[in-house]
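An overview of the molecular structure
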Amino acid sequence: MNDATHDAYQAYLRDLANRLRLTDWVVELHRNTAEAGAWASVNVMGTQDTATVRLAWPEFFGESPEEQREHLVHELVHCVLHRQCDVVEQLAEMWSENAACQFARKAFLREEEIAVEHLARVIAPFLPLPPSAGEPVPARRDPGPQ
């Protein structure tokens with residue numbers, strides 16, 4: 001990913017985060033590629049409102065602007081739901097030998113992914129499309145009326 005593309009998508013990601021009321025979050029676009037099999041992925045820190053997004057490139061950039069937008073919104077919705085996921089992970093660690101707890105962890109993660117995808121599909125059409133590489137992204141710092 002060249003500098004112009006990185007800068008444009010970093011600004012776009014920040015704009016999306018602001019519009020999703022993640023204004024106090026640090027959201028960074030990492031240059032490393034996403035996890036295998038994913039168009040995009042996010043790593044959310046457990047103790048800070050910080051998220052690192054990775055894209056599967058060059059594949060991500062072969063997607064339509066609408067699909068790119070939906071993938072990025074999907075990753076940002078994970079930030080919103082991260083705290084609940086973290087609680088389930090902590091419980092699973094505490095009772096790692098308990099089969100019911102491990103089942104609940106896997107089931108919760110699956111259901112969380114379904115909910116995140118649903119919310120992303122509902123929300124994404126109301127948000128701006130990504131820029132072409134190198135085009136400036138309009139700044140939106142104010143989350144608007146609440």
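Quick note: structure is the one above.
As the structure is a computational prediction, the values presented were derived from the model and not from experiment.

**A closer look at the overall build of the protein**
Each helix and strand in the protein was counted, giving 3 helices and 3 strands. Overall, the protein shows an N-to-C arrangement of helices and strands of α-β-β-β-α-α. Expected size for 146 residues packed as a compact globule is a radius of gyration near 15 Å; at 16 Å, the protein falls within 12% of this value. Each principal axis of the C-alpha atoms in the protein carries an extent, and together these give about 50 × 35 × 25 Å. Across the 146 residues in the protein, those meeting the buried criterion constitute 39%. Put simply, of all contacts in the protein between residues at least 6 apart along the chain, 65% involve residues at least 24 apart. In the structure as shown, the protein presents an accessible area of about 8500 Å², 56% of it carried by carbon and sulfur atoms.

**Re the packing of aromatic side chains**
In total, this model carries 4 aromatic pairs according to the counting rule given. Centre to centre, the rings of tyrosine 9 and phenylalanine 60 are 6.2 Å apart; their planes meet at 80°, and the pair counts as edge-to-face. Of this pair, tyrosine 9 sits in helix 1 (residues 3-19) while phenylalanine 60 is found in the loop between strand 3 (50-55) and helix 2 (65-94), placing the two residues 51 residues apart along the sequence. Overall, tyrosine 9 belongs to the buried group, its relative accessible area being 5%. Relative accessible area serves as the criterion here: at 0%, phenylalanine 60 is assigned to the buried category. Put simply, the rings of Tyr9, Tyr12, Phe60 and Phe61 touch in pairs and so form one group of aromatic residues.

**Brief notes about a nonpolar patch on the surface**
A contiguous nonpolar patch, built from Val87, Leu91, Met94 and Trp95 and spanning about 420 Å² of accessible area, is present on the exposed surface. Of note, leucine 91 is situated in helix 2.

So, how was this worked out
Residues numbered from 1 in each chain as written. Predicted model: local features only at pLDDT ≥ 70, side-chain atom pairs only at ≥ 80, totals over all residues. Heavy atoms only, no water. Helix = DSSP H or I, 4+ residues; strand = E, 2+ residues; numbered from the N terminus. Rg over C-alpha atoms; globule rule 2.2 N^0.38 Å. Buried < 20%, exposed > 50% of the residue type's maximum accessible area, 1.4 Å probe, protein only. Contact = heavy atoms within 4.5 Å. Areas by Shrake-Rupley, 256 points an atom, 1.4 Å probe, with all protein chains shown as cover. Phe/Tyr/Trp six-rings, centres within 6.5 Å; stacked < 30°, edge-to-face > 60°. Patch = residues over 30% accessible without salt bridge, like charges linked within 9 Å, V, L, I, M, F, W, Y side chains within 5 Å. Salt bridge = Lys/Arg side-chain N within 4 Å of Asp/Glu carboxyl O.

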